[in-house]
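Observations on chain architecture
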Amino acid sequence: MVIIMKKVNENQVRQVVEELGIEGEFNLNDINNIYDMVTIGDEILRNSNQNVENINDELNLIINMVNTLYEQKGCGIAAPQVGANKNIFIVKVIGEDEEGEEIVEFPLTVFINPKIVEYSEEQEWGFEGCLSVPGFFAMVPRSTKIKIEYTDLKGEKHIEEFEDFPARAIQHEYDHLLGVIYTDIADMETFTTTENFYKLKEEE
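Residues numbered from 1 in each chain as written. Predicted model: local features only at pLDDT ≥ 70, side-chain atom pairs only at ≥ 80, totals over all residues. Heavy atoms only, no water.

Here's the deal with the sheet that holds strand β10 (residues 187-193)
Taken in spatial order, the 3 strands line up as β6-β7-β10 in an open sheet, and their pairing is antiparallel. Every interior strand has two partners, whereas the edge strands, β6 (123-128) and β10, have only one. On average, each strand axis in the sheet is tilted by 30° relative to the strand beside it, whichever way the strands run. Bridging between β6 and strand β7 (residues 136-143) involves 6 bridges; their strand directions are antiparallel. Its bridge partner lying in β7, Glu128 is registered against Ala138. (Pairing = 2+ DSSP bridges. Helix = DSSP H or I, 4+ residues; strand = E, 2+ residues; numbered from the N terminus. Axes fitted to C-alpha atoms, helices over the stretch in contact; angles between N-to-C directions.)

Here we look at helix α3 (residues 59-72)
The end-to-end C-alpha distance of α3, which contains 14 residues, comes to 20 Å, matching closely the 20 Å that a straight helix rising 1.5 Å per residue would cover. For α3, the buried fraction is high: 10 of the 14 residues fall into the buried class. Every buried residue belonging to α3 is among Leu59, Leu61, Ile62, Ile63, Asn64, Met65, Val66, Asn67, Thr68 and Leu69, and all of these are buried. Considering only its buried residues, α3 is in contact with α1 (10-20), α2 (28-31), β2 (33-35), β3 (76-78), β4 (88-96) and β5 (102-119). (Expected span 1.5 Å × (residues − 1). Buried < 20%, exposed > 50% of the residue type's maximum accessible area, 1.4 Å probe, protein only. Contact = heavy atoms within 4.5 Å.)

Re the environment of Asn29
Inspection of the secondary structure assignment puts Asn29 in helix α2. A sequence separation of 22 residues divides Asn29 from Lys7, and the C-alpha atoms of the two residues are 8.5 Å apart.

Considerations on the sheet that holds β3
What the 5 strands build is an open sheet, ordered β3-β4-β5-β8-β9; its pairing is antiparallel. Both outer strands of the open sheet, β3 and β9 (157-163), are each paired with one neighbouring strand and no more. Averaged over neighbouring strand pairs, the angle between their axes works out to 35° when direction is ignored. Relative to β4, β3 runs antiparallel, the two sharing 3 bridges. If you follow Ala78 over to β4, its bridge partner there is Phe89.

This is how it looks when you write it as structure tokens:
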């Protein structure tokens, strides 16, 4: 069950709807929500998730997931993380250019009823955090390239390949739909606080 933590203003909601490319009329009170995050230990994160049959029925959920993702300043969010056991996740990767300005490295993408059909044999270790495990990071092995089937917001089916960090983010969110949390597959000897993680990055 989703729990509303707070509301966002109308301008923010309109920007999200525009970024998603959704057309139609919405009740503002249905789409201006930021959800409370479901955290590790809650059985919702381990439950099986249902495929979406009617995308229009899930638009309010998807818009509010984006609101929540932006509030949390994450790069991905899956429906179980907000209390909805649906096969939906969203990824958007923001980076920085040489001058320290924000740039979009991977555009806002909604994956509906996804299935990763190929994982590369080559893997790479990298630190990951999670909105459902707040305050911590750990090293996780991920395939460097994947192929995924999914449906978009318009109901169109895609088969696409991704590599490097977008592939890592997609695998992380896809795992949530399988009931897997990154701590299940991480090297827990590297498990560290956010504070210590950023100290390590500064020392590199």
